[in-house]
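Each chain, letter by letter, is given below.
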Amino acid sequence: MRLTSKSLGFVVNFLLGVAWAVVFIGIVTSFLSFYQNNLFFATVFALISAIPGLLGVLLLEYIITDKEKHEELKKQTKLLEKLLSQKD
């Protein structure tokens, strides 16, 4: 778990798992629906149906990265304030 907050980390990781499940379900159902007609179209539609789930994964990964960046900036601010107080 990359997030320090346990409850937020649980929710984000759960939603990340749901997003990957949506990707997998979208690919499988779309491919199985269209593979009898044409294999090329089945592959194209499977990739298109994976896009909403992949956008969810991308959004959640952005949230995780932004939260990690915020935590790192808080640590750096604390260290800079400590250095400034030592200088005075």
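**Q** Which residues make up the overall build of the protein chain, and what values go with them?
**A** Across its full length, the protein chain holds two helices and zero strands. Taken over the C-alpha trace, the protein chain has a radius of gyration of 21 Å; the compact-globule value for 88 residues is 12 Å, which it surpasses by more than 25%. For the protein chain, the spread of C-alpha atoms along the principal axes amounts to about 75 × 25 × 15 Å. Relative to its 88 residues, the protein chain shows a buried fraction of 17%. The contacts of the protein chain with a sequence gap of at least 6 include a subset with a gap of at least 24, amounting to 57%. When the accessible surface of the protein chain is split by element, carbon and sulfur atoms take 71% of a total near 7000 Å². In the protein chain, 9 positive and 7 negative side-chain charges are present, and the distance between their average locations comes to 4 Å.

**Q** Can you break down the packing of aromatic side chains residue by residue, with the values?
**A** Enumeration according to the criterion identifies five aromatic pairs in this entry. Measuring from centroid to centroid gives 6.1 Å for Phe31 and Tyr35, while their planes differ by 10 degrees, and the two rings are stacked. We classify Phe31 as partly exposed; its relative accessible area is 29%. A relative accessible area of 42% means that Tyr35 is categorised as partly exposed. A network of ring pairs unites the aromatic residues Phe34, Phe40, Phe41 and Phe45 as a single cluster.

**Q** Give a detailed account of the pattern of salt bridges, specifying residues and quantitative values.
**A** For the coordinates displayed, the defined rule picks out two salt bridges. Measuring nitrogen to oxygen at the nearest pair gives 3.7 Å for the salt bridge that ties Lys67 to Glu71. Residue Lys67 and its partner Glu71 are both found in helix α2 (residues 39–87); the two are separated by four residues, about one turn of the helix. Here Glu71 ties to Lys74 by a salt bridge, and the two come within 3.7 Å at their closest N and O atoms. With Glu71 and Lys74 both in helix α2 and three residues apart, the pair spans about one turn of that helix. Through salt bridges with shared partners, a single ionic network connects Lys67, Glu71 and Lys74.

**Q** Before we move on, can you summarise the environment of Phe40 with the specific residues and values?
**A** Among the secondary structure elements, Phe40 is positioned in helix α2. Sequence separation between Phe40 and Glu72 is 32 residues; the distance between their C-alpha atoms is 46 Å.

**Q** Hey, could you go over the side chain of Ser30 for me, with residue numbers and the actual values?
**A** Looking at where Ser30 falls in the secondary structure, it is placed in helix α1 (residues 6–34). At a separation of 3.1 Å, a polar atom in the side chain of Ser30 contacts the main-chain carbonyl oxygen of Phe45. Sequence-distant contacts of Ser30, that is, excluding residues within four places in its chain, are made with Phe45, Ala46 and Ser49.

The rules we used
Residues numbered from 1 in each chain as written. Predicted model: local features only at pLDDT ≥ 70, side-chain atom pairs only at ≥ 80, totals over all residues. Heavy atoms only, no water. Helix = DSSP H or I, 4+ residues; strand = E, 2+ residues; numbered from the N terminus. Rg over C-alpha atoms; globule rule 2.2 N^0.38 Å. Buried < 20%, exposed > 50% of the residue type's maximum accessible area, 1.4 Å probe, protein only. Contact = heavy atoms within 4.5 Å. Areas by Shrake-Rupley, 256 points an atom, 1.4 Å probe, with all protein chains shown as cover. Lys, Arg positive; Asp, Glu negative; His and termini not counted. Charge placed at Lys NZ, Arg CZ, Asp CG, Glu CD. Phe/Tyr/Trp six-rings, centres within 6.5 Å; stacked < 30°, edge-to-face > 60°. Salt bridge = Lys/Arg side-chain N within 4 Å of Asp/Glu carboxyl O. Polar contact = N/O pair within 3.5 Å; in protein donor to acceptor, adjacent residues only side chain to side chain.

These figures capture arrangement, not role.
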